[in-house]
Amino acid sequence: MRGVRILERVLAALPIMVGIAIVVFAFMRFMPGDPVDIMIGEAGGVSEAEIEMLRAQFHLDKPLPVQLALYLGRLARGDLGYSIFRSRPVIDVIAETIPATVELAVFSMLFALVVALPIGVVSAVRQYSLLDRASMAGAFLGISMPAFWLGIICIIVFSLHLGWFPTSGRIAYGLEPRTITGLFVLDAVITGNLAALWDALRHLVLPSVTLGAGVAAVVARVVRSSMLEVLRTDYVLLARAKGVAEASVVIRHALRNALIPTVTVVGLQVGTLLGGNMIVETIFGWPGLGRLVVDAIFARDYPLVQGSVMVYALTFVLVNLATDVLYTYLNPKISL
Amino acid sequence: MRKGVGRARYWPLLFLLAVGLLVPGCAKKEATPEPAAKTLSLVIDAEANRKDEAEAIAANLREIGVQAEVRVWEWSALKEKILAGERQFYLTDWGSAYFDPFDLAVPKLKTKDRGNYSFYSNPEFDACMEKALTSIDEATRKEAYFKAQDILYEDVPWVFGYFRQEVEAAAAGIGNWQPSMDSRINLHDVTLKDGDTIVVGMKTNKIVSLDPAMHRERDTETVIRNMFDGLVTRTWDGRVVPEIAESWSNPADNIYEFKIRQGIKFHNGEKLDADDVVFTFERILQEGAIGGQSSPRKGLLGPLEKVEKVDAYTVRFTLKNPFPVFLQALVHFQIVPKDYIKKVGDQEFAEKPVGCGPFKFKEGRLDDRIVMERFDGYYGGSPDLPPVGPAAVKRVIFRMMPDPATRIAALKAGEVHIIQQVPPDMAADLERDPKVQVKKVQGTRCYAVEMNVAKPPFDDVRVRLAMNYAINWDEILKTVYGGGATRLATCFLPSGFGFNPDLKPYPYDPEKAKQLLKEAGYAVK
């Protein structure tokens, strides 16, 4: 039954995807700027014929409705087109960035959860204590701290002065594990390559912390407030009255219920993280999707932007679905 | 009685009032009066990276009574408005790759040319440029360019600006390294004291291709040039010297014949001869010749019409008309192996490129890092760029590191050995580090303020001249760019052919600016 429901949800997402495709197409064309003009750049002796030839090559000379029809037609066949600047199929360009993006997203989220869950729970249990105030102040700082600043500070302190972590990149040259999934950490584990694992993890620490700090702050605040709410409910009172140990009350009775709003927030954040983060990727020389998309937007590389946004949209649809499925496990009363 | 006396007392006043009202009216009929001085008010458009400079310019203009404010734009959005004629005063810049006004002054100022954002048009100037671009006699060209500079100096279509010093840095253990004016990094000659791998921190996010025919970008070429060689190359200061070509001759003004060095091998062992050279250029000239795609580099070859093999080691290039910057253009074209590409196809060639340069491709990703290893069968490279022979180090890695602070931290931490583009405000700190060497080289990009000369107020040369006198460039360049910039009298660069060093930039003279504005009918402070 659950399987059928999931399939229904996936099918329902199709019209959304088509809508997104059209909106992105329109937005890109309404933006001032022309990809061929940007590609030619600052050169002397550029002829109209040369510009026209290149425009025709990328079908930019055709009327907009024709371009849109061509694009949707290709999309229906699963073809995302050909990147104007990189002279390669869009799908290849995007696929190449996915492992780096996923790896960073997973570790940022892991960092965020490891920090935020205990802080949120303890702050709620010890409301108004010094710990509560300090961690909420920390969360406030985490939300307000811009990634470009935190990232640079991390590099200066931990890479330059302490020398604990490398400044940037994903792994040192020569240490890459054999490619299976493209996720270095996972590949290193699968192949039992400890040196690669260690080096990949060292490279992951600073970008994950920089990217995860903001997420941790949001999650900690959500956990705290939903815990506070749950701790005041009758069933928690009852559990305590029955003489259940306090730790068990907090973790088994309260936290599980408090997790539902948390899962919603975490789901949204995962969606965002999987889209890549241009700033963190730029600072840490991380070859992910965020950098790719921003670069494509500035270059007006229409097919690449359109393709990337479709990947974003798909990711969000899937993450939302996963979140909803997760609800049903956390609270069997909820159904899809 | 009292009443009558009272009335009489007002008569003189009424009389004066009547005269006061009448006289100006009469005067109007007799002579054209000076119009009431109006305030010159303008918006200074700039991209975010030049905002500080724009603010300083606005402050200078306000000092003389011009109402000026700054607006920050994304470039493509601004450009669209500029081309629609909707902007007045904008900070722009334009780079030159050919060491000749051909790709700077011509596209920027020739009537209706592609980069002419100021809408400047002067047939006399156009004629000079035409003359310089169709003759291959250096004296004629130089004379034409000198005259063009005089015309620009008088017409002042822009507030002429400056060029910057490009700052690059390397680890102290790096030897025989010199940043080049065209910002390419040639690692063939560079040595490393301890270790066998040189890592370069590139300023870019990504390079766009490893196929020398499939890009139109400097950073991409910087990387590619270490795997591929061209018929000719350039010294760090812009002189064209032979590389794969041994020598060349001009049997006619529009014909170039190149003798190719014998015994050159590609990384796969294939021999390089005239067929490869002809193939390289035909691949670019013919539409759809690269796996159905056309090369975006065709236009850079100017009027090149055909390339023919004369014998196994001689190639003839025929141009539609004489093109004096042809050799400078050829520097940017690298020779590719015909047989290999025919065998594996263009797509695979772009993934596993094979050239005849000092390093061969090992592995890499365009947005991450490109790893190359020394090619032991290298013919040695240009004899004009000693030492000749295989590269000094075993391996080189180009890493894409778009953030300048990260590049600098990585250099200091010893993770990379050479970095591109050090921001001027970070250079001083780096210079104090004993583990680092900082070198500067003249940039080939011209920064200026363009004005829309087709519309008021800048259709009046007095107003344009006033703007040139009103801006305290020396002070701005000192405070904003740490002195790492040099003023220009026009848009001709000293690194380019035909630069007139005797023309001096307009000095900062607010009094003169005010006087000019006043003459043009504007209120001044």
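This one's a predicted model, so the numbers in the text were calculated from it and none came from an experiment.

**Q** Would you mind showing me how to read the overall build of chain A here?
**A** Scanning chain A for helices and strands turns up 14 helices and zero strands. Starting at the N terminus and ending at the C terminus, chain A contains elements arranged as α-α-α-α-α-α-α-α-α-α-α-α-α-α. With respect to the principal axes defined by its C-alpha atoms, chain A has extents near 85 × 55 × 40 Å. The 336 residues of chain A split such that 47% are buried. Long-range pairs, those at least 24 residues apart, make up 72% of the contacts in chain A with a sequence separation of at least 6. When the accessible surface of chain A is summed, it comes to about 15700 Å², and 71% of that surface belongs to carbon and sulfur atoms.

**Q** What should I look at first to understand the overall build of chain B in this one?
**A** Each helix and strand counted, chain B has 16 helices and 20 strands in total. Dimensions of chain B along its principal axes, counting C-alpha atoms only, are 125 × 55 × 40 Å. For chain B, the residues scored as buried account for 57% of the 525 residues in total. Put simply, 70% of the contacts in chain B that link residues at least 6 apart link residues at least 24 apart. Accessible surface computed for chain B: about 22000 Å², of which carbon and sulfur atoms make up 51%. For chain B, the distance from the average position of its 72 positive side-chain charges to the average position of its 75 negative side-chain charges is 6 Å.

**Q** For this particular structure, what's the right way to read the domain arrangement of chain B?
**A** All names here are of chain B. Each domain of chain B was delimited in the assignment, giving domain 1 (41-164 + 443-519) and domain 2 (184-420). Each of domain 1 and domain 2 has a C-alpha centre, and these two points are 34 Å apart. Counting residues at the interface gives 13 residues for domain 1 and 13 residues for domain 2. Taken together, both faces of the contact between domain 1 and domain 2 bury some 1100 Å²; the carbon and sulfur share is 63%. Summed over the three residues of domain 1 that lose the most area to domain 2, namely Tyr98, Phe99 and Ile136, the buried surface amounts to 58% of that side. Inspection of the domain 1/domain 2 interface yields five residue pairs in polar contact (both at pLDDT 80 or more). With three residues, helix α5 (residues 123-134) is the largest single contributor of residues to the side of domain 1 that touches domain 2.

**Q** Mind showing me how you'd approach the packing of helix α5 (residues 90-125) of chain A against helix α6 (residues 130-144) of chain A here?
**A** The description of two packed helices rests on the angle between their axes and on the distance between the axes. All names here are of chain A. The N-to-C vectors of α5 and α6 enclose an angle of 140°; their axes lie 8 Å apart at closest approach. As far as their axial angle goes, α6 and α5 are oblique. Taken as a pair, α5 and α6 cross one another with a handedness that is left-handed. Where α5 approaches α6, its residues Ile119, Val122 and Ser123 are matched on the opposing element by Leu131, Asp132, Ser135 and Met136. Class assignment for the residues of the contact of α5 with α6 results in four nonpolar, two polar and one charged.

**Q** Hey, could you run me through the nonpolar core in this one?
**A** Nonpolar side chains in soluble globular proteins tend to end up buried together. Counting residues in hydrophobic clusters, the biggest one holds 198 residues, and the most contacted among them are Ile44(B), Leu61(B), Phe89(B), Phe281(B), Phe317(B) and Met467(B). Ignoring anything within four residues of it in the chain, the contact list for Phe317(B) reads Leu231(B), Asn254(B), Ile255(B), Tyr256(B), Phe258(B), Val277(B), Phe281(B), Leu304(B), Lys306(B), Val307(B), Phe326(B) and Leu330(B). Among the nonpolar cores identified, the runner-up in size contains 47 residues, and Val121(A), Ala188(A), Val250(A) and Ala258(A) belong to it.

**Q** Just to check I follow, could you spell out the side chain of Arg29(A) for this structure?
**A** All names here are of chain A. As for its position among the elements, Arg29 is in helix α1 (residues 2-30). No salt bridge is formed by the buried Arg29. Its closest oppositely charged neighbour is Asp34, at 8.6 Å. Among the polar contacts listed, one links the side chain of Arg29 to the side chain of Gln306, at a separation of 2.7 Å. Beyond its immediate chain neighbours, meaning those up to four positions away, Arg29 contacts Leu60, Leu64, Gln67, Tyr302 and Gln306.

**Q** When you look at the domain arrangement of chain A in this model, what are you seeing that I'm missing?
**A** Where interface size is quoted, it is often the accessible area lost as the parts come together. Residue and element names in this part refer to chain A. Here the domain parsing of chain A yields domain 1 (1-85 + 299-328) and domain 2 (97-263 + 281-292). The gap between the C-alpha centroids of domain 1 and domain 2 is 32 Å. Taken together, the contacts link seven residues of domain 1 with five residues of domain 2. When residues of domain 1 are sorted by the area they lose upon contact with domain 2, Leu304, Tyr312 and Tyr327 head the list and together hold 56% of the total. Counting every contact that joins domain 1 to domain 2 gives zero salt bridges. Inspection of the domain 1/domain 2 interface yields zero residue pairs in polar contact (both at pLDDT 80 or more). Considered class by class, the residues forming the side of domain 1 that touches domain 2 number five nonpolar, two polar and no charged.

**Q** Could you clarify how one ought to interpret the side chain of Gln420(B) in this entry?
**A** Residues and elements named next belong to chain B. With respect to the helices, strands and loops of the structure, Gln420 is situated in the loop between β17 (418-419) and α13 (424-431). A distance of 2.8 Å separates a polar side-chain atom of Gln420 from the backbone nitrogen of Lys203. What Gln420 contacts, discounting residues up to four positions off in sequence, is Val167, Glu168, Ser183, Ile185, Gly201, Met202, Lys203, Asp219, Thr222 and Arg407.

**Q** Explanation requested: the packing of aromatic side chains in the structure shown.
**A** How two aromatic rings sit relative to each other is given by the distance of their centres and the angle of their planes. Residues and elements named next belong to chain B. Tallied over the full model, the rule gives 27 aromatic pairs over all chains. Between Tyr378 and Tyr379, the aromatic rings sit 4.7 Å apart at their centres with planes inclined by 55°, giving tilted as the arrangement. Owing to a relative accessible area of 18%, Tyr379 belongs among the buried residues under this scheme. Three or more aromatic residues joined by ring pairs form one cluster here, namely Trp248, Tyr256, Phe258, Phe281, Phe317, Phe326 and Phe333. A cation sits over an aromatic face here: Lys38 above Tyr522, 4.8 Å from the ring centre. If you follow Arg164 out to its NZ or CZ, it ends over the ring of Tyr447, 4.0 Å from the centre.

**Q** Quick question: what am I supposed to make of the environment of Thr181(A) here?
**A** All names here are of chain A. Mapped onto the fold, Thr181 is located in the loop between α7 (147-161) and α8 (184-191). Taking the C-alpha atoms as reference, Thr181 lies 37 Å from Leu54; in sequence the two are 127 residues apart. Setting aside residues no more than four positions away along its own chain, Thr181 makes contact with Pro99, Leu186 and Asp187. At 3.1 Å, the side chain of Thr181 and the backbone nitrogen of Leu183 are in polar contact. A polar contact of 2.6 Å, which involves the side chain of Thr181, links it to the side chain of Asp187.

Criteria and cut-off values
Residues numbered from 1 in each chain as written. Chains lettered and ligands numbered in written order. Predicted model: local features only at pLDDT ≥ 70, side-chain atom pairs only at ≥ 80, totals over all residues. Heavy atoms only, no water. Helix = DSSP H or I, 4+ residues; strand = E, 2+ residues; numbered from the N terminus. Buried < 20%, exposed > 50% of the residue type's maximum accessible area, 1.4 Å probe, protein only. Contact = heavy atoms within 4.5 Å. Areas by Shrake-Rupley, 256 points an atom, 1.4 Å probe, with all protein chains shown as cover. Lys, Arg positive; Asp, Glu negative; His and termini not counted. Charge placed at Lys NZ, Arg CZ, Asp CG, Glu CD. Domains from an automatic or database assignment. Buried area = accessible area lost by both parts, 1.4 Å probe. Polar contact = N/O pair within 3.5 Å; in protein donor to acceptor, adjacent residues only side chain to side chain. Axes fitted to C-alpha atoms, helices over the stretch in contact; angles between N-to-C directions. Parallel < 35°, antiparallel > 145°, perpendicular 65-115°, else oblique. Left-handed = near helix turned anticlockwise from the far one by under 90°. Nonpolar A, V, L, I, M, F, W, Y, C, P; charged D, E, K, R; others polar. Core = buried A, V, L, I, M, F, W, Y, C linked by side-chain atoms within 4.5 Å. Salt bridge = Lys/Arg side-chain N within 4 Å of Asp/Glu carboxyl O. Phe/Tyr/Trp six-rings, centres within 6.5 Å; stacked < 30°, edge-to-face > 60°. Lys NZ or Arg CZ within 6 Å of the ring centre and 35° of its normal.

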